[in-house]
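Residues per chain are reported as follows:
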Amino acid sequence: KLHAQRGQDNGVVIRYGKNLTDLEQDRNISNVATGIYPYWTDMDGNLVTCNPKVIPAPGTYNFTRVIPVDFSQDLKEKPTPEQLQERGEVYVNSNNIGVPSVSLSVNFAQLEQTEEYKHLALLEKCDLCDIVAVQFEDLGVDAKTKIVKIKTNVLLEKYISTEIGDVR
């Protein structure tokens, strides 16, 4: 059986002072682009670019990495530079250009297995591919992302550690 999406968002929050016991953050910027160079060509070799030629990604960076993006297949008719600019801006926003991949390794207390939260057990339960929010204000961590890895102690029926974010 093929599912469109595994897991669900139950509104589980892992927060410092509530249930967070350990947090390790890994940010990878090796594939981050700082902008795109949109262009359109046809069979006759006509080239359309926008002005300015590079559409920057939101944010500030101390490096430059621009990737070319061909919109020839998306736009059948020859676009104006303004139309190409609009299509490029939509592409930057919808594909998270400029956003680094972040992985969080989190250890937390399973509140659904405690006496204080037994009446809220269904609201605090999370499994693989569920979406959780992690908040640690002192370190500036406020992320809502998917659980990608769980280590479990099967004898105690408890999680040892949970990794959330992008798969490494």
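Quick caveat, the model's predicted, so the values are computed rather than measured. (Residues numbered from 1 in each chain as written. Predicted model: local features only at pLDDT ≥ 70, side-chain atom pairs only at ≥ 80, totals over all residues. Heavy atoms only, no water.)

1. Here's the deal with the packing of aromatic side chains
Counted by the stated rule, this structure contains 3 aromatic pairs. Consider the rings of F71 and Y91, whose centres lie 5.7 Å apart with planes at 85°: the pair is edge-to-face. A residue pair is termed long-range when its members are at least 10 positions apart, and F71 in the loop between β6 (66-70) and α1 (81-94) and Y91 in helix α1 qualify at 20 residues. Assessed through its relative accessible area of 22%, Y91 is described here as partly exposed. (Phe/Tyr/Trp six-rings, centres within 6.5 Å; stacked < 30°, edge-to-face > 60°. Helix = DSSP H or I, 4+ residues; strand = E, 2+ residues; numbered from the N terminus. Buried < 20%, exposed > 50% of the residue type's maximum accessible area, 1.4 Å probe, protein only.)

2. Observations regarding unusual backbone geometry
Apart from glycine, the bulk of residues carry a negative phi angle, and the bulk of peptide bonds sit in the trans form. N51 connects to P52 through a cis peptide bond whose omega is 5°. Position of P52 among the secondary structure elements: in the loop between β4 (47-49) and β5 (55-56). Located in the positive-phi region is C129, a residue other than glycine, with phi close to 75°. Tracing the backbone shows C129 in the loop between α2 (121-124) and β8 (131-136).

3. Quick word on a nonpolar patch on the surface
Taken together, the side chains of V154, L155 and L156 present a nonpolar region at the surface, about 390 Å² in accessible area. Looking at the element boundaries, L155 is found in the loop between β9 (141-153) and β10 (158-165). Overall, the relative accessible area of 78% leaves L155 in the exposed class. (Patch = residues over 30% accessible without salt bridge, like charges linked within 9 Å, V, L, I, M, F, W, Y side chains within 5 Å. Areas by Shrake-Rupley, 256 points an atom, 1.4 Å probe, with all protein chains shown as cover. Salt bridge = Lys/Arg side-chain N within 4 Å of Asp/Glu carboxyl O.)

4. Concerning the nonpolar core
Counting 15 residues, the largest nonpolar core has I14, L23, L104, V106, V132, V134 and I164 as its most contacted members. Listing elements by their share of this core, those giving two or more residues are β1 (9-15), β2 (20-28), β7 (101-108), β8, β9 and β10. Among the nonpolar cores identified, the runner-up in size contains 12 residues, and V48, I55, F71 and L84 belong to it. (Core = buried A, V, L, I, M, F, W, Y, C linked by side-chain atoms within 4.5 Å.)

5. As for α1
Every α-helix winds through 3.6 residues per turn, so residues three or four apart in the chain are directed the same way. Taking 1.5 Å as the rise per residue, α1 with 14 residues should run 20 Å; its terminal C-alpha atoms sit 20 Å apart, in good agreement. Considered for burial, the residues of α1 that qualify are L84, Q85, G88 and V92. Along the axis of α1, the buried positions cluster into a sector of 100°, meaning they face one direction only. Those residues of α1 that are exposed and aimed more than 90 degrees away from the buried face are E82, E86, N93 and S94. Along its buried surface, α1 packs onto β3 (35-41), β4 and β5. Positioned one or two residues after α1, N96 has a phi angle of 55°, which is positive. (Expected span 1.5 Å × (residues − 1). Arc of directions from axis to C-beta. Contact = heavy atoms within 4.5 Å.)

6. A look at the confidence of the model for the protein chain
Predicted confidence across the protein chain gives a mean pLDDT of 81, with 89% of residues reaching 70 or more. Across the protein chain, the element-wise mean pLDDT spans from 61 in α2 up to 93 in β3. (pLDDT = per-residue confidence, 0-100.)

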